[in-house]
Amino acid sequence: PVYSSINDLLADGAVASTMDGVIICTPHITHHKIGLQFLEYGTKRANGDDGGKPLHILMEKPMTTCVEEAKSLHELVSEYEKRGNGTFLINHSANYREQTKAAQSLVMSGKLGRIRLITAIFASPLTWLFDNKANKGWNEPDDSGKMIGNGLAWGQASHMLAWIYHVSNVTPSRVYCQMTNSVINS
């Protein structure tokens, strides 16, 4: 079946009660609201009379586009998982590629010595998505005005940072970032 909204999906009890999980792969600005809806539904379902079937949630990264929403969602997810209502995961498949496993193994072996500095650059040709004014959910704040910046930082820098933390297992003491706006002229 196809539904025009999450509310319509959840109203169809025959389908909603049999779901094992959901994948949230919508514009970043919508992740918090949709995540809350499914966490609430999963909690009700796990505590209901239907045998307590957990609902698992896989959310595309980044989890949210503002720190307040990330903290609130993190608190709810922690409680959700602690109660056994289901699993909540943020998708970042690059951390499980063979090259990443090899890099992490090398770093953890100590053969490279102590990590004192990480320099990284991440560039990708996604101006067609993030610079297109028609893609409002990717590059403009919602009515709350909580989203800072455009989707490129959220959509691409999160790849690089998640990879660095996964491979190096470091906690930064200082961070410096320089961002520029690249314009490609055809």
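The preceding data block contains the structure.
Residues numbered from 1 in each chain as written. Predicted model: local features only at pLDDT ≥ 70, side-chain atom pairs only at ≥ 80, totals over all residues. Heavy atoms only, no water.

A. Layout of the pairing of strand β3 (residues 88–91). One ladder, built from four bridges, connects strand β2 (residues 56–60) with β3; its direction is parallel. Bridging from a neighbouring strand, I57 pairs with F88 of β3. After leaving β2, the chain enters helix α4 (residues 67–82) and then returns to the sheet as β3, a path that is right-handed. (Pairing = 2+ DSSP bridges. Helix = DSSP H or I, 4+ residues; strand = E, 2+ residues; numbered from the N terminus. Right-handed = clockwise from strand over helix to strand, strands pointing away.)

B. Geometry of unusual backbone geometry. Each neighbour pair has its own omega, and for K61 with P62 the value is -10°, a cis peptide bond. For N169, which is not glycine, the phi dihedral falls at a positive 55°. Looking at the secondary structure, you find N169 in the segment after α8 (151–168). The class of N169 is exposed, set by a relative accessible area of 59%. (Buried < 20%, exposed > 50% of the residue type's maximum accessible area, 1.4 Å probe, protein only.)

C. Representation of the pairing of strand β1 (residues 21–24) in the model. Here β1 shows one buried face, formed by V22 and I24, and one open face, formed by G21 and I23. Alignment of β1 against β2, held across four bridges, turns out to be parallel. Pairing of I23 across the sheet is with L58, part of β2.

D. Inspection of the sheet that holds β2 at higher detail. Here we have three strands laid out as an open sheet, ordered β1-β2-β3, and parallel in their pairing. In the strand order of this sheet, the two ends are held by β1 and β3, each with one partner. Averaged over all neighbouring strand pairs, the angle between strand axes comes to 15°, with direction disregarded. (Axes fitted to C-alpha atoms, helices over the stretch in contact; angles between N-to-C directions.)

E. Main features of the pattern of salt bridges. Under the counting rule described, the total for this entry stands at six salt bridges. A salt bridge links E79 to K82, with the nearest nitrogen and oxygen atoms 3.6 Å apart. Of the two residues, E79 and K82 both sit in helix α4, three residues apart, roughly one turn of that helix. Taking relative accessible area as the criterion, E79 reaches 32% and is therefore assigned partly exposed. We classify K82 as exposed; its relative accessible area is 65%. Among the ionic contacts, a cluster of salt bridges with common partners joins E79, K82 and R83. (Salt bridge = Lys/Arg side-chain N within 4 Å of Asp/Glu carboxyl O.)

On their own, these measurements won't tell you what the molecule is for.
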